[in-house]
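Topology and contacts: notes
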Amino acid sequence: MFSQVNSVGLFGLNAFPVTVEASITTGQPAFDIVGMPDIAVQESKARIRAVLGQLNLKLLNGKVTVNLAPASVKKIGSMFDLPIIAALMKLGGIIGAELDDCAFIGELSLNGALASVNGALSMTLTAARHGIKRIFLPKANAREASVADGIEVYGAEHITQITDFLKTGAGLAPEPRYIPSDNFEKYFEDFAEVMGQSSAKSAIEVAAAGSHNILMLGPPGSGKSMLAKRIPSILPKITFAESIETTQIHSVAGIINPNAPLVTSRPFRAVSHTASGVGLVGGGNIPKPGEISLAHNGVLFLDELPEFDRRVLEALRQPLENGEITISRASGSVNYPCDVMLVAAMNPCPCGNFGNPLKKCTCTPKMVSAYLNKISQPVLDRIDIQIEVKPVEYGDLSSRVPQESSVQIAERVQRARDIQAKRFEGTKIKSNSGITADIIAEVCCLAPDAEQMLKAAFEKLGLSARAYDRILKVSRTCADLAGSEVIQKAHISQAISFRSLDRKYWNR
């Protein structure tokens, strides 16, 4: 006797179709699972035996073999419980319906209840692409999976709901397609609340408009963290495609809100300096996404940057450059996207007052140098905008002059992003920070006096090739904010001013 049902496996973000085959022959009772199952899949045998006992079903009276095809690909996770028991029930005649257009994913509790699994959206999208018309999964995953097009999603709380539905056609209904609310999301942190700091606000606006990495350096209490926390309030609206990408990553990580499963605002991930390399860039025996991937299409905020382990910071270099991170393990390699806007903040020295006109620094020159040099030049080179955040003066704090709101700044940022979306239509580039070397000369057209200024700065400051490219990209964003197709001298001047901090403090 033989039966088979469809399922989907998952490794990282990569979902792949799996055929669960079951056969039973006479002989000593046994239950084997083959097809490169991991420990979690092997443990399905104990869970399935317990569920069959709860349901008073005797399907294992013989030599039962379950094969997870293709056998050449390792199967990881508990999502194969449901398809395995479905194949056994079809084998035993409990399920008589045709299941060729159906797929099953889900973990079983010992009483037959279905527990949620990670990565349901990725697996449902893959099932739909391979012609599956109906997918059965835990009720907790149904709303998330309903985002996928071209497939009916059935969420069940117990295995008996599925078997009864397949027998009678009653008891379950397709999950309604999840449509997120259009309600405007109010950020309580608004730039209108920030007094003064006009130069820092201007730099942050440019960073948000072009998705440029930014470093803020200044003494404690100058407002670096306060400014960073308000950045989400001016970011452009997330597109549906970006929302799906980000949701898939959060789903694999198991941090999806079941009631509002689609990520509809750009992530803002504030990471403690105690984070390990695995926590920041991802990893583990079964590779999981790190904070840099969880911030995909949003902001990764690293406060107290020099307090991070230097090896952890160096691990960011390749992901920041390429927009994706590759994690290699013996079981295979996983690619996670990490197209993020890095926002970093730091003090200029251990006591925080080096260069502070209001307070005396108690650090020795050697201490200051050692502290600053925790940030390597290659890491600094990948930060497009570097600004000094100075202490707020009393006149700014006591001023009753209304400050520009986040809504006003966001409108300019959105206009600049719209210009970029039109410019890069048909390519993989999303913003000016992603301009590639092969088109930088084409999209960064300089006025003659702007080109002369850039040449003089390159020779005088001894800029690296990477710094040169990043100045061009930032100046392109400055021009977009000004509505200028050609980069003018003022835009180059502004971009160069954002690259002078490393020479002031790092003496390079």
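Description of the structure in this document. (Residues numbered from 1 in each chain as written. Predicted model: local features only at pLDDT ≥ 70, side-chain atom pairs only at ≥ 80, totals over all residues. Heavy atoms only, no water.)

**Some details on unusual backbone geometry**
Here Ala69 and Pro70 are connected by a cis peptide whose omega angle stands at 5°. On the secondary structure map, Pro70 appears in the loop between strand 4 (63-69) and helix 3 (81-91). You will see that Met36, though not glycine, has its phi angle at about 60°, which is positive. Along the chain, the position of Met36 falls in the loop between strand 3 (30-34) and helix 1 (39-42). What makes Met36 partly exposed here is its relative accessible area of 40%. Located in the positive-phi region is Asn56, a residue other than glycine, with phi close to 55°. Take Asn56: its relative accessible area is 67%, and that puts it in the exposed class. (Helix = DSSP H or I, 4+ residues; strand = E, 2+ residues; numbered from the N terminus. Buried < 20%, exposed > 50% of the residue type's maximum accessible area, 1.4 Å probe, protein only.)

**Things to note about the packing of aromatic side chains**
Per the counting criterion, the structure on display carries six aromatic pairs. Summarising the aromatic geometry, the rings of Phe104 and Phe136 are spaced 5.2 Å apart at their centres and angled 15° between planes, so their arrangement reads as stacked. Of this pair, Phe104 sits in strand 5 (residues 102-104) while Phe136 sits in strand 8 (residues 134-138), placing them 32 residues apart in sequence. Phe136 carries the same exposure label as Phe104, and that label is buried. Pairwise contacts between aromatic rings join Phe104, Phe136, Tyr154 and Phe165 into one cluster. Cation over ring: Arg423 sits above Phe424, and NZ or CZ is 5.7 Å from the ring centre. (Phe/Tyr/Trp six-rings, centres within 6.5 Å; stacked < 30°, edge-to-face > 60°. Lys NZ or Arg CZ within 6 Å of the ring centre and 35° of its normal.)

**Some thoughts on the sheet that holds strand 11 (residues 268-271)**
If you walk across this open sheet you meet the five strands as 11-14-17-10-18, and the pairing is parallel. Looking along the sheet, the strands with just one partner apiece sit at the ends: strand 11 and strand 18 (385-388). Each adjacent strand pair in this sheet contributes to an overall mean axis angle of 15°, direction not counted. Taken together, the four bridges between strand 14 (residues 299-302) and strand 17 (residues 341-346) define a ladder with parallel strand orientation. (Pairing = 2+ DSSP bridges. Axes fitted to C-alpha atoms, helices over the stretch in contact; angles between N-to-C directions.)

**Observations regarding the environment of Gln4**
Here Gln4 lies in strand 1 (residues 2-11). Judged by its relative accessible area of 37%, Gln4 falls in the partly exposed class. In this structure, the C-alpha to C-alpha distance between Gln4 and Ala22, residues 18 residues apart in sequence, is 6.1 Å. Discounting chain neighbours no more than four positions away, the residues touching Gln4 are Thr19, Val20, Glu21 and Lys90. (Contact = heavy atoms within 4.5 Å.)

**Quick notes on the packing of helix 2 (residues 44-54) against helix 3**
Two elements in contact, helix 2 and helix 3, have axes separated by 10 Å at closest approach and are oriented at 55°. As judged from the angle between their axes, helix 2 and helix 3 are oblique. Note on packing geometry: the crossing formed by helix 2 with helix 3 is right-handed. Between helix 2 and helix 3, the residues in contact are Ser44, Arg47, Ile48, Val51 and Leu52 and Asp81, Ile84, Ile85 and Leu88, respectively. Looking at the contact of helix 2 with helix 3, its residues break down into six nonpolar, one polar and two charged. (Parallel < 35°, antiparallel > 145°, perpendicular 65-115°, else oblique. Left-handed = near helix turned anticlockwise from the far one by under 90°. Nonpolar A, V, L, I, M, F, W, Y, C, P; charged D, E, K, R; others polar.)

**Brief notes about the nonpolar core**
With 106 residues, the main nonpolar core has Val66, Ile84, Leu88, Phe104 and Leu302 as its most contacted residues. Broken down by element, the residue count for this core peaks at eight residues, all from helix 3. Apart from residues no more than four positions distant in its own chain, Val66 is found in contact with Val20, Glu21, Ala22, Phe31, Asp32, Ile33, Val34, Ile84 and Leu88. Residues Met216, Ile385, Ile471 and Ala479 belong to the second largest nonpolar core, which totals 51 residues. (Core = buried A, V, L, I, M, F, W, Y, C linked by side-chain atoms within 4.5 Å.)

**Quick notes on the layout of surface pockets**
Here the largest pocket defines a volume of roughly 1300 Å³. Around the largest pocket, the lining comprises 47 residues; the ones closest to its centre are Asp339, Lys428, Ile429, Lys430 and Gly434. Where the lining of the largest pocket is concerned, the elements lending two or more residues are helix 9 (240-253), helix 13 (317-322), strand 16 (332-337), helix 17 (406-423) and helix 20 (465-482). If you tally residues by element for the lining of the largest pocket, the top one is helix 9, at five residues. When its residues are assigned to classes, the lining of the largest pocket shows 17 nonpolar, 14 polar and 16 charged. (1 Å grid on protein atoms, 1.4 Å probe; cavity = no way out; pocket = protein on both sides within 12 Å on 5 of 7 lines; lining within 4 Å. Points joined across faces, edges and corners; volume = space filled by probe spheres on them.)

**As for the packing of helix 7 (residues 198-210) against helix 20**
Axis separation between helix 7 and helix 20 bottoms out at 9 Å; the angle between their running directions is 100°. Viewed along their axes, helix 7 and helix 20 adopt a mutual orientation that is roughly perpendicular. Only Val474, Thr477, Cys478 and Leu481 of helix 20 make contact with helix 7, whose side of the interface consists of Glu205, Val206, Ala209 and Gly210. Its residues placed into classes, the contact of helix 7 with helix 20 shows five nonpolar, two polar and one charged.

Everything listed here is a matter of coordinates, which is why it stays silent on function.
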